[in-house]
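# Tertiary structure, described
Given next are the chains, with one letter for each unit.
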Amino acid sequence: MSETHEYIVNDRDFEERRLLEQSVVLDPLTRRLFDAAGLEPGMRVLDLGSGAGNVARLAADIVGPKGSVIGVERDPDAVQRAQRLVDAAGYTNIEFREGDVQELDVVDGEFDAVVGRLVLLFLPDPAEALRRALPLLRPGGVLCMQEPDLTYSWTSVDSPLWRQVRGWVMDTLTAVGADMKMGLSLFATFREAGAPDPLLRMEAVAGGGANAPAFGWANVVEGILPLMERLGIAKTEEVEPKTLTTRLLAEIADENGTVVGPFLYGAWATK
């Protein structure tokens, strides 16, 4: 999650690690979306709201050394850290720029694809971001976004800790104005932006027992914990973040339950 970054803590090393861990769960889903949308070697790609650079790296792996990726991110510290990470990993085809995705005045030229993940839900006017991006797409270029729906049942059983965790997350994101059904609004947002009607797909990680994706939800809680405390929603001693994954897994195992990761909706359209 990026761009508004209302909940990001001052400890940038922590947030960088958290987002990289989050990518383990989300990246396979995003990679399959990019494949379906038609990203291919040699493309020039614009990544909206780059955060730690996970999506930019995915795109760079697809477009290869003859392609390139420019990531736009409002947080200057995140820009510097993302650039350092990709440079250290040996990428030579990724550049991050500090800028607002609702203005996009820091990029020029034409792109073969504009992509983004978990960014529109935090914007006051997500259609405006896509409206700004469309003129940067060449004819035949692809607009591809991936956004969540967080309002579904996260588990097959209603257990106390899972109910509490879901309440913490929903209350906190509501407080910062996030659209927790942004994934379901992608079709309407593309239309409002003047884009062609997109194709859609939805995918989520699910599992039970040791394969239950409890870690992903604990990761989210850990990321928004500073904001939860500022808003009076929960305190660190109440959350106990270091043991949260273990306790969530134990509770779901006791009920032989299933955990479902975020519903991620993908939408893509060709200009």
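What you see is a predicted model; the values in this text were computed from it and never measured. (Residues numbered from 1 in each chain as written. Predicted model: local features only at pLDDT ≥ 70, side-chain atom pairs only at ≥ 80, totals over all residues. Heavy atoms only, no water.)

### Looking at the sheet that holds strand 4 (residues 111-117)
Quick note on the threshold: Two strands are counted as paired when DSSP detects at least two bridges linking them. Strands here mean DSSP runs of E at least two residues long; helices mean DSSP runs of H or I at least four residues long; both are numbered from the N terminus. All axes here are fitted lines through C-alpha atoms, helices being fitted over the stretch that makes contact, and every angle between N-to-C directions spans 0 to 180 degrees. Should any heavy atoms of two residues lie within 4.5 Å, those residues are counted as being in contact.
The 7 strands are arranged 3-2-1-4-5-9-6 in an open sheet whose pairing can be described as mixed. Among the strands making up the open sheet, the edge pair consists of strand 3 (94-98) and strand 6 (199-203). Geometrically, the sheet is characterised by an average inter-axis angle of 20 degrees between neighbouring strands, direction not taken into account. With 6 bridges joining them, strand 4 and strand 5 (residues 137-149) adopt parallel strand pairing. In the sheet register, Val114 faces strand 5, and the bridge partner there is Leu143. Across the sheet, helix 2 (residues 54-63) lies against strand 1 (44-48), strand 2 (68-73), strand 3 and strand 4, angled at about 170 degrees from strand 2, the strand it touches most.

### With respect to the pairing of strand 3
To keep things clear, this is the line we draw: Crossovers are described as right-handed under a simple rule: with the strands pointing away from the observer, the path leading from the first strand over the helix to the second runs clockwise.
Pairing geometry for strand 2 and strand 3, over 5 bridges, is parallel. The residue of strand 3 that forms the bridge with Gly71 is Phe96. Since strand 2 and strand 3 lie parallel, the crossover through helix 3 (residues 76-88) that links them has a hand, and here it is right-handed.

### Let's talk about the confidence of the model for the protein chain
Note the following rule: The pLDDT score gives, residue by residue, the confidence of the prediction method on a 0 to 100 scale.
Confidence in the prediction for the protein chain averages 92 pLDDT; 92% of positions are at 70 or higher. Contacts for the low-pLDDT stretch residues 1-10, under 50 throughout, to residues beyond four places or in other chains number 42 contacts.

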